[in-house]
Amino acid sequence: MGGFGVCRTGAAALSVLALAGCMSSGEDTAKVAAPKGAVKAVSPQEAKQAKAAAAAKVKANELGQVPVLMYHRVVPKPETSDDRTPAQFRAELERLASEDYVPITAAEYATGKIGIPAGKHPVVLTFDDSSPSQVTLDGMGVPAPDTALGILLDVAAKKPGFRPVATFYVTGDMFGKERPDEQTQIMTWLHEHGFDLGNHTRDHLNLRGKSKEQVNKEIAAGHQVVKGRIPFDPVTLALPYGNQPNTKAWALRGAANGTRYSYGGVFLAGYTPAASPFSTDFDPMGIPRIKSQEKKGDCVKFCSTAWLDWLKAHPDERFTSDGDIRTVAYPKFKAAFGAKRYSAYALSY
Ligand SMILES: [Zn+2]
């Protein structure tokens, strides 16, 4: 899971401030090798020009779109169009790896902490409803091979650079575990292996039309489903059924029964790639996701195969990293779409 270097921090601490902390080192001490092997100090301006040239070389576009893929169950016999077979899931991960995507977590995406190599594209893998088909561990903590987790780890082992990270949006049905100690065991394993745990509310109720008090209560209870098991505050929320409460902001921040939540992002259930977190299009209260499915029926245009085809055909619209987590690099032509809160990190070419 390289690429973060000295800037890596815990997901809970991810923030613009963390990025700012990373920014403070290195700039004016950059050195390059001179032709005769001597080491020559370069000015900050020269260093910035060199970075811009490097960003241009890989056509970095950190204002481009990011696919956030949404999975539910991974089962041999799909019962709904949300289900994928192990073979379908594996094939999609292999496609992502072959098209230079590198997984990041929903927490990393929403907080703008995208630390992947130059020329690569971020993809967010999200799993809803915490079913055993996603995560099952044996008595020694080894993931079952045909679960989503087992397949992701296997593909990552075979494709160097494909980070085995994902975000699991858990509910009270915690991977089929009912005993509190079993719940703690499975959540601890995921947390300690670098997986992101997000809130999907405790009881998976539709929040549309509910009162502010009811919305706060259900989200806070879901927050506690995670926080009550591991020392981690979820950074993001996925709305049940993708339905926003009547006032969107109620999902982003609130409190009930002594639990306070404040999210970097709230995720929907459809139907397009998501805006770069550095772009003016980014709306933390409603981040779109893409259902994993082939081009058929309702999915001819708006599910994963269709959108991955589209992003491949439109590289100028896709997020491409410059390889430096401390900068937000993009072609000058796109500068109008750079979010002001990240302007201190902007590197246009
Ligand atoms: Zn759900």
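Only a predicted model underlies this, so the values are computations on that prediction, with no experimental measurement involved. Residue positions are counted from 1 within each chain, in the order its sequence is given. In view of the model being predicted, local features appear only for residues whose pLDDT reaches at least 70, and side-chain atom pairs are presented and counted only at 80 or more, with totals across whole chains, interfaces and linings using the full set of residues.

Caption draft 1: Structural view of the pairing of strand 6 (residues 167–170). Burial of strand 6 is two-sided: the residues Thr 167 and Tyr 169 facing one way and the residues Phe 168 and Val 170 facing the other way are all buried. Strands are treated as partners if at least two bridges between them are detected by DSSP. Helix numbers and strand numbers start at the N terminus; a helix is a DSSP run of H or I with at least 4 residues, a strand a run of E with at least 2. Sheet topology places strand 5 (residues 121–128) next to strand 6; 3 bridges connect them, and they run parallel. By the bridge assignment for strand 6, Thr 126 is matched with Thr 167. Where strand 6 and strand 7 (residues 196–199) come together, 4 bridges link them in parallel fashion. Note that in strand 7 the partner of Tyr 169 across the bridge is Gly 198. A right-handed crossover is one whose linking path, passing over the helix from the first strand to the second, runs clockwise when the strands point away from the viewer. Each parallel crossover has a hand, and for strand 6 linked through helix 6 (residues 180–192) to strand 7 it is right-handed. Counting other C-beta atoms within 10 Å of each residue's C-beta, where C-beta atoms are placed from the backbone, gives the exposure class: buried for 20 or more, exposed for 12 or fewer, partly exposed between.

Caption draft 2: A look at the nonpolar core. Any set of buried Ala, Val, Leu, Ile, Met, Phe, Trp, Tyr and Cys residues joined through C-beta atoms within 7 Å is what this text calls a nonpolar core. By size, the foremost hydrophobic cluster in this structure holds 68 residues, and its most contacted members are Val 68, Val 124, Phe 168 and Phe 267. Broken down by element, this core gets its largest block of residues, 5 residues, from helix 7 (residues 212–227). Working definition of a contact: two residues with C-beta atoms, positioned from the backbone, lying within 7 Å. When neighbours within four sequence positions are excluded, Phe 168 is seen to be in contact with Phe 127, Ser 130, Gln 134, Val 135, Leu 190, Phe 195, Leu 197 and Gly 198. Among the nonpolar cores identified, the runner-up in size contains 9 residues, and Ala 60, Phe 278, Tyr 342 and Tyr 345 belong to it.

Caption draft 3: Structural view of helix 10 (residues 304–313). What helix 10 keeps buried is the set Ser 304, Trp 307, Leu 308 and Leu 311. Angularly, the buried residues of helix 10 cover 100° about the axis, an arc narrow enough to put them on a single face. Of the residues in helix 10, the exposed ones pointing more than 90 degrees away from the buried face are Asp 309 and Ala 313. For helix 10, the secondary structure elements touched by its buried residues are strand 3 (68–71), helix 3 (86–98) and strand 12 (290–291). What the arc covers is the set of directions going from the helix axis to the C-beta atoms.

Caption draft 4: Inspection of unusual backbone geometry at higher detail. A cis amide bond links Gly 270 with the next residue in sequence, Tyr 271, at an omega value of -20°. Tracing the backbone shows Tyr 271 in the loop between strand 11 (265–267) and strand 12. Unlike most non-glycine residues, Phe 175 shows phi in positive territory, near 55°. Structurally, the position occupied by Phe 175 is in the loop between strand 6 and helix 6.

Caption draft 5: Spotlight on the confidence of the model for the protein chain. The quantity known as pLDDT measures the predictor's confidence residue by residue, on a range of 0 to 100. Of the residues in the protein chain, 89% have a pLDDT of 70 or more, and the chain-wide mean is 91. Across residues 1–34, confidence stays below pLDDT 50; counting only partners more than four residues off in sequence or on other chains, it has 50 contacts.

Caption draft 6: Highlighting helix 6. Multiplying one less than the number of residues by 1.5 Å gives the expected span of a helix. The end-to-end C-alpha separation of helix 6 is 18 Å, in line with the 18 Å expected for 13 residues at 1.5 Å each. Buried-residue contacts for helix 6 involve strand 6 and strand 7.

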